[in-house]
Amino acid sequence: MSEKRRKVCIVTGSRAEWGLLSPIARELEAREDVGLQIIATNMHLLERYGHTVDVIRQEGFRVDAEVAMGADGDSRRDTAVATGRCLCGMADAFARLEPDLAVVLGDRYELLAVGAAATIMRIPIVHLHGGEISEGAIDDSIRHSITKMSALHLTSAECHRRRVIQMGEDPAMVHDIGAVGVANALAVEPLAKEELEAFLGVGLDRRSLVVTYHPVTADDRTPVELFGHLLEALGRFGSSTVVFTYPNNDANGREIIGMIDRFVAENPGRAVAFPSLGMKRYLSLLHYAGAAVGNSSSGIIEVPSMGIPTVNIGRRQEGRLSASSVINCRDDADSIADAVERALSECCQREAAAVDNPYYKPDTVVRAAELIATVPMEKLRHKRFFDVNII
């Protein structure tokens, strides 16, 4: 590889995150001034979650390193231990690949290990989706920690850009490019409805519900209790087909998967579940369904651009910027059921179809790739704290 080419290493740990990063990876791969590297870790390497490292390769990319974490446990201790393993594995992978930059997106716990390894090894970090808030998850603190380790920040909205600057980051290195997930949602041509229904095994209409629910990692109540309320509410919508996507492998995620599988078994022909749908199937599903339900950031960021309402449950995403089509509700069964009924109403469907998404910006993917490829390395290697004048 020519020394003139910037070695850019994208690190990805989940199917959802890769769905967001893959168009940027494609754009970088096409550039003559970039040598693309990819490291896959965490959920990508677990059979329970679809072993989605295979998806990366099926899309034509080379995976330069796999960093196993043993992150298939179901307790907070398991998560902490797996993070330690990830730190060790990332150090080995970075030492072998010698990237000029590491690119990460979001706030997952494995990225805390990626950031620590890169910082200690003096590899500048490019961080997407910094400056956001999700007060009901430990991800909130992890996201801000990654911001402080990063040299170049690509935020999803102007208010997030201001928040990153407030944390002492140089305004010249903080760019509001919009959310890459929104760019993907608008760019993907949906699968034919009949093809998607054949894959899912259920019919789809404007009463169909897409459900993604992750453990609430900053709540003292058990995920079993909280998710049980959602399943109780879904049981009241017998005319709605329900498509579950599995939660992330946060602590207690395995218990939620077991509850999903039991609900599906008890509702044959009406409910189905998938460890991973992939970006195209997932976005196509949103195109034909009536509403997204759960507590995933996708419901806040991407779903509004698909023209359907989101029912956002509980505290996990509390504090996030959101479109008017996002219906926030408490996490008891009655509140969830009321919110779902509202989301499926003709009035709410009509309003969601015309909503403006605050995460949209033109040319998001192209701008991201251009900044990653061209910001001078000397500016990335030497960070200074930027003092904000506070009156």
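Everything that follows concerns the structure shown earlier in this document.
Residues numbered from 1 in each chain as written. Predicted model: local features only at pLDDT ≥ 70, side-chain atom pairs only at ≥ 80, totals over all residues. Heavy atoms only, no water.

## Observations regarding the nonpolar core
Item 1. In terms of nonpolar packing, the biggest core is built from 37 residues, with Leu28, Leu154 and Ile372 touching the most fellow members.
Item 2. Among all residues touching Leu154, those that are not within four sequence positions of it are Val126, His127, Leu128, His129, His175, Ile177, Ala368, Leu371 and Ile372.
Item 3. Ranked by size, the runner-up nonpolar core spans 36 residues in total, among them Leu46, Leu231, Val293 and Cys348. (Core = buried A, V, L, I, M, F, W, Y, C linked by side-chain atoms within 4.5 Å. Buried < 20%, exposed > 50% of the residue type's maximum accessible area, 1.4 Å probe, protein only. Contact = heavy atoms within 4.5 Å.)

## Quick word on the state of the cysteines
Such a bond, covalent and formed between the sulfur atoms of two cysteines, is termed a disulfide.
Item 1. Per the stated rule, a full pass over the model turns up zero disulfides.
Item 2. Of all cysteine sulfurs in the structure, the one in Cys86 sits closest to Cys88, which takes part in no disulfide; the separation is 9.3 Å.
Item 3. By relative accessible area, Cys88 is classed as exposed at 52%.
Item 4. A disulfide-free cysteine, Cys329 has its sulfur positioned 12 Å from the sulfur of Cys348, the nearest such atom. (Disulfide = S-S within 2.5 Å.)

## Looking at the packing of helix 8 (residues 193–200) against helix 11 (residues 278–288)
Item 1. For the pair helix 8 and helix 11, the least separation of the axes is 11 Å and the interaxial angle reads 115°. Viewed along their axes, helix 8 and helix 11 adopt a mutual orientation that is roughly perpendicular. In this structure, the crossing between helix 8 and helix 11 has a hand that is left-handed. Residue-level contacts link Lys193, Leu196, Phe199 and Leu200 of helix 8 to Arg281, Ser284, Leu285 and Tyr288 of helix 11.
Item 2. A per-class count over the contact of helix 8 with helix 11 returns five nonpolar, one polar and two charged. (Axes fitted to C-alpha atoms, helices over the stretch in contact; angles between N-to-C directions. Helix = DSSP H or I, 4+ residues; strand = E, 2+ residues; numbered from the N terminus. Parallel < 35°, antiparallel > 145°, perpendicular 65-115°, else oblique. Left-handed = near helix turned anticlockwise from the far one by under 90°. Nonpolar A, V, L, I, M, F, W, Y, C, P; charged D, E, K, R; others polar.)

## Things to note about the sheet that holds strand 11 (residues 291–294)
Item 1. Spatial ordering of the open sheet is given by 10-9-8-11-12-13, a layout of six strands whose pairing is parallel. Single-partner strands in this sheet number two, and they are strand 10 (271–274) and strand 13 (326–329). Pairs of neighbouring strands in the sheet enclose a mean axial angle of 20°, with direction left out of account.
Item 2. Helix 10 (residues 253–266) rests against strand 9 (242–245) and strand 10 of the sheet, and its axis sits at about 145° to strand 10. (Pairing = 2+ DSSP bridges.)

## Focus: helix 7 (residues 180–187)
Item 1. What helix 7 keeps buried is the set Val180, Gly181, Val182, Asn184 and Ala185.
Item 2. Contact partners of the buried residues in helix 7: helix 1 (15–29), strand 4 (101–105), strand 5 (125–128), helix 11, helix 12 (297–301) and helix 15 (364–374).

## Some details on the side chain of His153
Item 1. With respect to the helices, strands and loops of the structure, His153 is situated in strand 6 (residues 152–155).
Item 2. With relative accessibility at 1%, the residue His153 sits in the buried group.
Item 3. When near neighbours in sequence (up to four residues on either side) are disregarded, His153 contacts His127, Thr147, Val164, Glu169, Met173, Val174 and His175.

## Considering the packing of helix 4 (residues 109–120) against helix 5 (residues 139–149)
Item 1. Relative to each other, helix 4 and helix 5 sit at 20°, their axes nearing to 10 Å. In terms of their interaxial angle, helix 4 and helix 5 are classed as roughly parallel. Both helix 4 and helix 5 take part in a crossing whose hand is left-handed. From helix 4, Tyr109, Leu111, Leu112, Gly115, Ala116 and Thr119 reach across to helix 5, where they touch Ile142, Ser145, Ile146 and Met149.
Item 2. Looking at the contact of helix 4 with helix 5, its residues break down into seven nonpolar, three polar and no charged.

## Some remarks on the pairing of strand 6
Item 1. Of the two faces of strand 6, the one holding Leu152 and Leu154 and the one holding His153 and Thr155 are both buried throughout.
Item 2. Direction of pairing for strand 5 relative to strand 6: parallel, over a ladder of three bridges. Residue Val126 lies in a different strand from strand 6, and its bridge partner there is Leu152.
Item 3. Where the polypeptide runs from strand 5 across helix 5 and back to strand 6, its parallel neighbour, the crossover connection is right-handed.
Item 4. Sheet topology note: the strand 6/strand 7 (residues 174–176) ladder contains three bridges and is parallel. Each bridged residue has a counterpart across the sheet, and for His153 the counterpart in strand 7 is Val174.
Item 5. Between the parallel pair strand 6 and strand 7, the chain is carried across by helix 6 (residues 158–166), and the sense of this crossover is right-handed. (Right-handed = clockwise from strand over helix to strand, strands pointing away.)

## Some points on the side chain of Ser325
Item 1. Residue placement: Ser325 occurs in the loop between strand 12 (310–313) and strand 13.
Item 2. Classification of Ser325 as buried rests on a relative accessible area of 5%.
Item 3. When neighbours within four sequence positions are excluded, Ser325 is seen to be in contact with Pro304, Ile308, Pro309, Thr310, Ala352 and Val355.

## Quick look at the environment of Gly60
Item 1. Tracing the chain through its elements places Gly60 in the loop between helix 2 (53–58) and strand 3 (65–67).
Item 2. On the accessibility criterion, Gly60 (52% relative accessible area) is exposed.
Item 3. Along the backbone, Gly60 and Asn357 are 297 residues apart, and their C-alpha atoms lie at a distance of 31 Å.

## Quick word on the pattern of salt bridges
Item 1. Tallied over the full model, the rule gives 23 salt bridges.
Item 2. A salt bridge links Glu66 to Arg57; the shortest N-O distance between them is 2.7 Å.
Item 3. Take Glu66: its relative accessible area is 42%, and that puts it in the partly exposed class.
Item 4. Given a relative accessible area of 37%, Arg57 falls into the partly exposed group.
Item 5. A salt bridge links Asp64 to Arg62; the nearest nitrogen and oxygen atoms lie 2.7 Å apart.
Item 6. Residue class for Arg62 comes out exposed when judged on its relative accessible area of 52%. (Salt bridge = Lys/Arg side-chain N within 4 Å of Asp/Glu carboxyl O.)

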